[in-house]
Amino acid sequence: MVKEFVADATTLSIAVEFQGLFPNFCRQLYCVETLMNPQHITPVPVEQLRWRCDERIFSFRTTKELVPLRGIVGQHRAIEAIKLGAAIESRGFNIFVMSLLGTGRLTTIKQVLEPIAQQRRDLVDIAYVHNFSNPTMPRLLIFRAGRARLFAKALAETITFLRGRIAALFREESFQRSRSAITQRFRSRETALVEQFNRRIAPQGFTLGQVTDPDGTSRYELFALVRGKPASLDEVAQLVSEGKLSERRAQRIVRTYLKLREELINMSYEGLEMQRALEQALLEHARKAAGIIIAAAFDDLRARFRDEPVQQYLAECEQDLIENVEIFSPQYATASEAELPDGRTVADKLKEYTVNIIVDNSQALSAPIIIETYPTYTNLFGTIERRYDRNGVVQSDFTMIRAGAILRANGGYLIVNASDILSDAHVWQTLKRVLLYGKLEIQPSDSTSGGLALKPEIIDVNVKVIMLGDYQTYATLAAYEEDFTKMFKIAAEFDYETDRSEKMLHNYARFVARLCEEENVLHARPSGVAALIEWAVERAEDKNKITINFSDVSDVIREASFVARQRRMKYFDRSCVEEALRLRRRRTELQDVKIKSQIFQGTLMIDTRGARIGQINGLTVYSTGLVSFGKPARITASTGAGNAGIIDIEYEASLSGRIHRKGMLTIPGLLREYFGQRRPLAMSASVCFEQNYGEIDGDSASLAELYAILSSLARIPIVQSIAVTGSINQKGDVQPVGGVNEKIIGFFEICQQQGLDGSHGVIIPQQNVADLMLPESLIAAAEEGKFHVWAIRHFTEGIPLLTGMDAGTMLPDFTYPPGTFMHAVDKRLEELAIIARDYARTL
């Protein structure tokens, strides 16, 4: 293997002398010497490896001196969208907010909505009342904000007044005299009826009398006159048995009794009708007397509440009270649990004259802003509660109707999470109907649980829904939900980063002051703020940007404050921030440590010295969900004659994601561009991430995979002390990748542990130089010339670094100059084409 050669000046001079005799051997020796001293590409200057925040831009001694940041920073586009959606009152202008967690979207939304909400004061109260004509369909009443409570109070006071006043009326002497007169009149008619019947039956030897049944009721009965004394049929039978009355006489009495019994029944029916007439007359008398009082009381209510639906309800309520005036009788005046003739209690009947206010805006000074963190069907749309009566029957009525967040936010704004809404299909479908038609029918989530089915009057709603989600959720809904864009016409995109301007740096300092003031954590010195800002720039993966994920920023501040308290410091500084970040990484670096241990032990085979044909160190990023870290990965390529093209072993093993697959498919296009102009490519190649047993994705390894294939074709070794990351296109341009800092750090840590000798380094895309925020330990190694970072724009720029040979430029005849790397590749492909052609002739 080439890496076993030891090149010195004597060996190289001999090689030059015998170059004609041993060209391949001499070429390999030349490569080894050049690999030790690459000449073509200079490393990225040390000052570009990290941006440092100059703490001298801050004039404060501690953030305690600053005015805390109260406004919103870095989200101008999102704020404009939210303001537009909130201000347009037309249906469909709901807002879908797209962002990552922790970007302060909820805080921002509230701050934007609050001044707009102050301008919307046309709020209403919503109430349900009993429907006297159809109790299963409760009547809806809408009031101006605060009027529902006044109405409910006024109605309750009216009913209380009527209970007392009418009960007193019924006890008045004049009312009792007139009532007694009615009763006396009917009793006289009843007495006359009985006397007339008695006169008619007397000649037949019978008379009327009253008997009491076992249940305590009394009734008229026929009695035979025997020797001038009344006797029942039982007594007549007794007289016969005693011999005091003949059998013949007794039979004649029974026959007469049966004939008169029919007449008695008819008279009883007539008497019952008289009793009913009496009761109706007494009731009409009570209604007439109480109706005057009820009408006067309700005239006052009608004068105070003139809305047409309220007027209609009051008319029905007044009429029902008059028809059920008996509930005001003295025996019911103070006995709410007393049972009425229909089996209900007085309290149950009086409940029909109450008001169920489900939305009360009497205390609201602006339009509501409701944040529903648990949007179940009931919490969002309301419900109708149920209860069991004393007989175990499920009951519901208008007083059991409850409002949800949709109604509480009526006239204002409702904020919900998309993931919560979409997790329940019933909730999502109901919300769609509300947003599309602007109407809500309150029903229990489970409408099949029995009991009286209520159908409350449908409510017109005017609510602006702000749904929080991510970009993928928005794209999915827009693609697959037909009406989604009709319902959410405003999309507000929250950015996770912003420009790193000096104003933004000062805003960061003021944000620290705000958090310290709100949470009583320690304030920061300028060096602490500078360190925090550097971390925030690193998180943005762009030295010209800074993260505005203030949730994560807040956590770092809290942790740095904790470190300062442990050190008994009054303020936290750079050292506290750095220690907090070190501890944070230590808490979540277990997988990182285990992988490094496997590399050092040789279990995971990674070479950082020597050179090898068809083998290169690619760079990968591992993510545990808690932390991301970079590590090198051995990528190998094997080439030979054939027409299979490039075989992606990861893809064949179902370990490759779609983006990685795309990167692999780009390489054949590049090979045709540079080597397929004179002949078809006839080769078979296989590429593998060695010792990889999990799925990989992304195209950032496509540059390294290309180098491995070219090395295998040219039979020229690649130095193992240099790792590569970058995406490649079909024209050979190197494209930027993500996670570049983690990747560089991951390879540096391995090289540092195994010993830096000045040959180690990383090749990255030129565009990623702007992303570099490398640690001080790596920068120190770079300053000493022990570790390098090279940035390239085209794949050919990395060839001298990796192979020690000039890449070579394509000549007009589509060949490459002899002695160049590309020439060696082209020559080998020519050989493989001839082999393939000759083999085909043998078939």
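Residues numbered from 1 in each chain as written. Predicted model: local features only at pLDDT ≥ 70, side-chain atom pairs only at ≥ 80, totals over all residues. Heavy atoms only, no water.

A. How the structure looks around the overall build of the protein chain. Looking only at helices and strands, the protein chain features 29 helices and 30 strands. Against the globule reference of 28 Å for 843 residues, the protein chain gives a C-alpha radius of gyration of 48 Å, more extended than a compact globule. Dimensions of the protein chain along its principal axes, counting C-alpha atoms only, are 170 × 80 × 50 Å. Scored against the burial criterion, the 843 residues of the protein chain give a buried share of 48%. Put simply, the protein chain shows about 41,700 Å² of open surface, and 50% of that area lies on carbon and sulfur atoms. (Helix = DSSP H or I, 4+ residues; strand = E, 2+ residues; numbered from the N terminus. Rg over C-alpha atoms; globule rule 2.2 N^0.38 Å. Buried < 20%, exposed > 50% of the residue type's maximum accessible area, 1.4 Å probe, protein only. Areas by Shrake-Rupley, 256 points an atom, 1.4 Å probe, with all protein chains shown as cover.)

B. Region of interest: the nonpolar core. In this structure, Tyr707 and Phe795 are the most contacted members of the largest nonpolar core, which totals 50 residues. Contacts of tyrosine 707, omitting those with residues within four sequence positions, involve Ile616, Ile718, Val724, Ile792, Phe795, Gly798, Ile799 and Leu802. (Core = buried A, V, L, I, M, F, W, Y, C linked by side-chain atoms within 4.5 Å. Contact = heavy atoms within 4.5 Å.)

C. Unusual backbone geometry, seen in detail. Phi is positive for asparagine 520, close to 60°, though the residue is something other than glycine. By secondary structure assignment, the location of asparagine 520 is in the loop between helix H18 (502-519) and helix H19 (526-540). Although it is not a glycine, glutamine 691 adopts a positive phi angle of roughly 60°. Given a relative accessible area of 27%, glutamine 691 falls into the partly exposed group.

D. Region of interest: helix H8 (residues 247-304). The terminal C-alpha atoms of H8 lie 82 Å apart, and with 58 residues this matches the ideal 86 Å at 1.5 Å per residue to within 8%. Approximately 35° is the largest bend angle found in H8, and it occurs at glycine 291. (Expected span 1.5 Å × (residues − 1). Bend = angle between axes of the 7 residues up to and from the residue.)

E. Local environment of the sheet that holds strand E3 (residues 139-144). In space, the 3 strands of this open sheet follow the order E3-E2-E7, with antiparallel pairing throughout. Each end of this open sheet is capped by a strand with a single partner; those strands are E3 and strand E7 (356-359). Strand-to-strand, the axes of this sheet are offset by a mean angle of 30°, without reference to chain direction. Along the sheet, helix H9 (residues 308-323) contacts strand E2 (124-129) and E3; its crossing angle with E3, the most-contacted strand, is approximately 130°. (Pairing = 2+ DSSP bridges. Axes fitted to C-alpha atoms, helices over the stretch in contact; angles between N-to-C directions.)

F. Inspection of the packing of helix H7 (residues 233-241) against H8 at higher detail. At a minimum axis distance of 10 Å, the contact between H7 and H8 shows a crossing angle of 170°. The pairing of H7 with H8 is recorded here as roughly antiparallel in orientation. Along the contact surface, H7 presents Leu233, Val236 and Val240, while H8 presents Glu247, Ala250, Ile253, Val254 and Tyr257. Here the residues of the contact of H7 with H8 sort into 7 nonpolar, no polar and 1 charged. (Parallel < 35°, antiparallel > 145°, perpendicular 65-115°, else oblique. Nonpolar A, V, L, I, M, F, W, Y, C, P; charged D, E, K, R; others polar.)

G. Highlighting the packing of aromatic side chains. Under the defined criterion, the tally for this structure stands at 20 aromatic pairs. Relative to phenylalanine 550, the ring of phenylalanine 511 has its centre 4.6 Å away and its plane inclined at 40°; by these criteria the two rings are tilted. Remark: phenylalanine 550 occurs in helix H20 (residues 550-566) and phenylalanine 511 occurs in helix H18; sequence separation between them is 39 residues. For the residue pair phenylalanine 511 and phenylalanine 550, the accessibility class agrees, reading buried in each case. Ring pairing ties together the aromatic residues Phe132, Phe143, Phe151, Phe305, Tyr313 and Tyr353, which thus form one cluster. Directly above the aromatic system of tyrosine 651 lies the positively charged group of arginine 661, at a separation of 3.9 Å from the ring centroid. (Phe/Tyr/Trp six-rings, centres within 6.5 Å; stacked < 30°, edge-to-face > 60°. Lys NZ or Arg CZ within 6 Å of the ring centre and 35° of its normal.)

H. The arrangement of the sheet that holds strand E16 (residues 464-469) in detail. Read from one edge to the other, the open sheet built from 5 strands follows the order E8-E13-E16-E1-E17, with strand pairing classed as parallel. In this open sheet, the two edge strands, each paired with only one partner strand, are strand E8 (369-371) and strand E17 (490-493). Along the sheet, successive strands turn relative to each other by an average axial angle of 20°, direction set aside. The pairing of E8 with strand E13 (residues 413-417) spans 3 bridges and is classified as parallel. By the bridge assignment, isoleucine 369 is partnered in E13 with tyrosine 413. Sheet contacts for helix H4 (residues 105-119): strand E1 (95-98), E8, E13 and E16; angle to E13, the most-contacted strand, approximately 170°.

I. Up close: the pattern of salt bridges. Taken as a whole and judged by the stated rule, the model has 52 salt bridges. For arginine 70, the salt bridge is made with glutamate 518, and the minimal N-O distance between the two is 3.3 Å. On the criterion of sequence distance, the pair formed by arginine 70 in the loop between helix H2 (23-36) and helix H3 (76-87) and glutamate 518 in helix H18 is long-range, its members being 448 residues apart. The partner of aspartate 483 in a salt bridge is lysine 486, with the nearest N and O atoms 3.5 Å apart. Shared partners join several salt bridges into a network, and the residues in it are Arg50, Arg52, Glu534, Arg574, Glu578 and Glu776. (Salt bridge = Lys/Arg side-chain N within 4 Å of Asp/Glu carboxyl O.)

J. Summary view of the side chain of histidine 794. As for its position among the elements, histidine 794 is in the loop between strand E30 (787-792) and helix H28 (795-803). There is a polar contact of 2.9 Å between the side chain of histidine 794 and the side chain of threonine 796. Those residues in contact with histidine 794 that lie beyond four places of it in its chain are Tyr674, Lys731, Gly732, Asp733 and Val734. (Polar contact = N/O pair within 3.5 Å; in protein donor to acceptor, adjacent residues only side chain to side chain.)

K. Spotlight on the pairing of E16. Counting buried residues in E16 gives 6 out of 6 residues, a clear majority hidden from the surface. With burial as the criterion, each face of E16 is covered, one bearing Lys464, Ile466 and Leu468 and the other bearing Val465, Met467 and Gly469. Pairing analysis gives 4 bridges linking E1 to E16, with the strands arranged parallel. Bridging from a neighbouring strand, phenylalanine 96 pairs with methionine 467 of E16. Pairing of E13 with E16 involves 5 bridges; the strand directions are parallel. Opposite isoleucine 415, over in E16, you have isoleucine 466 as the bridge partner.

L. Geometry of the environment of lysine 244. With respect to the element layout, lysine 244 can be found in the loop between H7 and H8. C-alpha separation for the pair lysine 244 and isoleucine 459, spaced 215 residues apart in sequence, amounts to 84 Å. Setting aside its immediate chain neighbours within four residues, lysine 244 contacts Arg227 and Leu239.

M. Summary view of the environment of valine 463. As for its placement among the helices and strands, valine 463 is situated in the loop between strand E15 (459-460) and E16. A sequence separation of 218 residues divides valine 463 from leucine 245, and the C-alpha atoms of the two residues are 94 Å apart. When near neighbours in sequence (up to four residues on either side) are disregarded, valine 463 contacts Asn94, Ile406, Ala409, Asn410, Gly412 and Leu414.

N. Seen up close, the environment of tyrosine 474. Position of tyrosine 474 among the secondary structure elements: in helix H16 (residues 471-480). Each C-alpha atom of the pair tyrosine 474 and aspartate 215 lies 76 Å from the other, and the pair is 259 residues apart in sequence. When sequence neighbours within four positions are dropped, the list of residues in contact with tyrosine 474 reads Phe96, Met98, Phe484 and Ala491.

O. Examining the side chain of histidine 523 more closely. If you trace the backbone, histidine 523 turns up in the loop between H18 and H19. With a relative accessible area of 15%, histidine 523 lands in the buried category. A polar side-chain atom of histidine 523 sits 2.9 Å from a polar atom in the side chain of threonine 63. For histidine 523, the contacting residues outside a window of four places in its chain are Thr63, Lys64, Ala513, Cys516, Tyr571 and Phe572.

P. Structural context of the confidence of the model for the protein chain. Across the protein chain, the average pLDDT comes to 88, with 93% of residues at 70 or higher. For the stretch residues 1-39, pLDDT sits under 50, and the model shows 41 contacts to residues farther than four places along the chain or on other chains. (pLDDT = per-residue confidence, 0-100.)

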